[in-house]
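Close look at the chain arrangement
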Amino acid sequence: MNYYTVGKIVNTHGIRGEVRVLSVTDFADERFKVGNKLYVNKNNTLKELTIKTHRKHKQFEMLSFEGLENINFVEPLKGLELKISENQQGDLEDGSFYHHQIVGLEVYTIDGEYIGKISEIMTPGANDVWVVERDDKDDLLLPAIKDVIKSVQLNEQRIIVELLDGLDE
């Protein structure tokens, strides 16, 4: 089974086992709901954690876990990524995709010309930017907007794009 990162434990908070989490999910309220299961990979062993409490504090999600109500129990978790299982991912509305579905897809122009493969997705602000790794040139940065991304064909493992003036320079 595949697991996907939804946050990273960056520090402990107080002495009662609360941790400070930097969220990397668009669905923080859903992912960090009390009673939900999260997973950490410690020494190549997956450990299941059940969320006991959740609150927001500044830009962080503050969590505590059942059975780990002491700073000494959560201290070893610092720096670990919190993950969800593939089964925990909900369905997205049409036209929306999880990052892991996009990374690795081949990119073609609307004329059928091969450009490269998506190597990563950056989230700088208003819209995501898809990084296309090309063999003979620098990486191409594609804004994930309707004017550029014409179709995502998951079954064919390809993306069709229209390069606007100035994008391929």
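Everything in this summary refers to the structure shown in the same document. (Residues numbered from 1 in each chain as written. Predicted model: local features only at pLDDT ≥ 70, side-chain atom pairs only at ≥ 80, totals over all residues. Heavy atoms only, no water.)

**Looking at the pattern of salt bridges**
This is how it is decided: Basic side-chain nitrogens of Lys or Arg form a salt bridge, by our definition, when they fall within 4 Å of a carboxyl oxygen of Asp or Glu. For each residue, the accessible area found with a 1.4 Å probe, counting protein chains only, is set against the maximum for its type, and the residue is called buried under 20%, exposed over 50%, and partly exposed in between.
Counted under the stated rule, the structure contains eight salt bridges. In this structure, the salt-bridge partner of Arg31 is Glu30, at a minimum N-O distance of 3.6 Å. A relative accessible area of 5% places Arg31 in the buried class. Using a relative accessible area of 40% as the deciding quantity, one classes Glu30 as partly exposed. Of the charged contacts in the structure, one is a salt bridge between Lys78 and Glu75, with a shortest N-O distance of 3.0 Å. Among the residues examined, Lys78 registers a relative accessible area of 36% and is labelled partly exposed. Exposure remark for Glu75: the relative accessible area of 36% places this residue in the partly exposed category.

**Concerning the sheet that holds strand 8 (residues 114-122)**
Heads up, the rule is: In short, DSSP must find at least two bridges between two strands for them to pair. Only DSSP runs of H or I reaching four residues or more are called helices, and only runs of E reaching two or more are called strands; each is numbered from the N terminus. Helix axes are fitted to C-alpha atoms over the stretch in contact, other axes to C-alpha atoms as well, and angles between N-to-C directions run from 0 to 180 degrees.
Ordered in space as 10-9-8-7-12-11, the six strands form an open sheet in which the pairing is mixed. A strand with exactly one partner marks an edge of an open sheet, and here the two such strands are strand 10 (140-143) and strand 11 (149-153). Neighbouring strand axes in the sheet, compared pairwise and without regard to direction, differ in orientation by 35 degrees on average. Where strand 7 (residues 106-109) and strand 8 come together, three bridges link them in antiparallel fashion. Bridge assignment links Tyr108 to a residue of strand 8, and that residue is Tyr114.

**Digging into the layout of surface pockets**
The following threshold applies: The rule is simple: put a 1 Å grid over the protein atoms alone, call a set of points where a 1.4 Å probe fits but cannot get out a cavity, call an open set with protein on both sides within 12 Å along at least five of seven lines a pocket, and count a residue as lining if it has an atom within 4 Å of a point. Grid points are joined across faces, edges and corners, and a volume is the space filled by probe spheres set on the points. Three classes are used, and their members are as follows: Ala, Val, Leu, Ile, Met, Phe, Trp, Tyr, Cys and Pro are nonpolar, Asp, Glu, Lys and Arg are charged, and the others, Gly among them, are polar.
Roughly 1,000 Å³ of internal volume is contained in the largest pocket. In terms of residue class, the lining of the largest pocket is made up of 17 nonpolar, eleven polar and five charged. Approximately 160 Å³ is the volume found for the second largest pocket. Glu113, Tyr114, Ile115, Arg134 and Lys137 are, among the ten residues lining the second largest pocket, the residues nearest its centre.

**Some words on the environment of Val152**
Inspection of the secondary structure assignment puts Val152 in strand 11. Considered as a pair, Val152 and Phe60 are 92 residues apart in the sequence and their alpha carbons are 33 Å apart.

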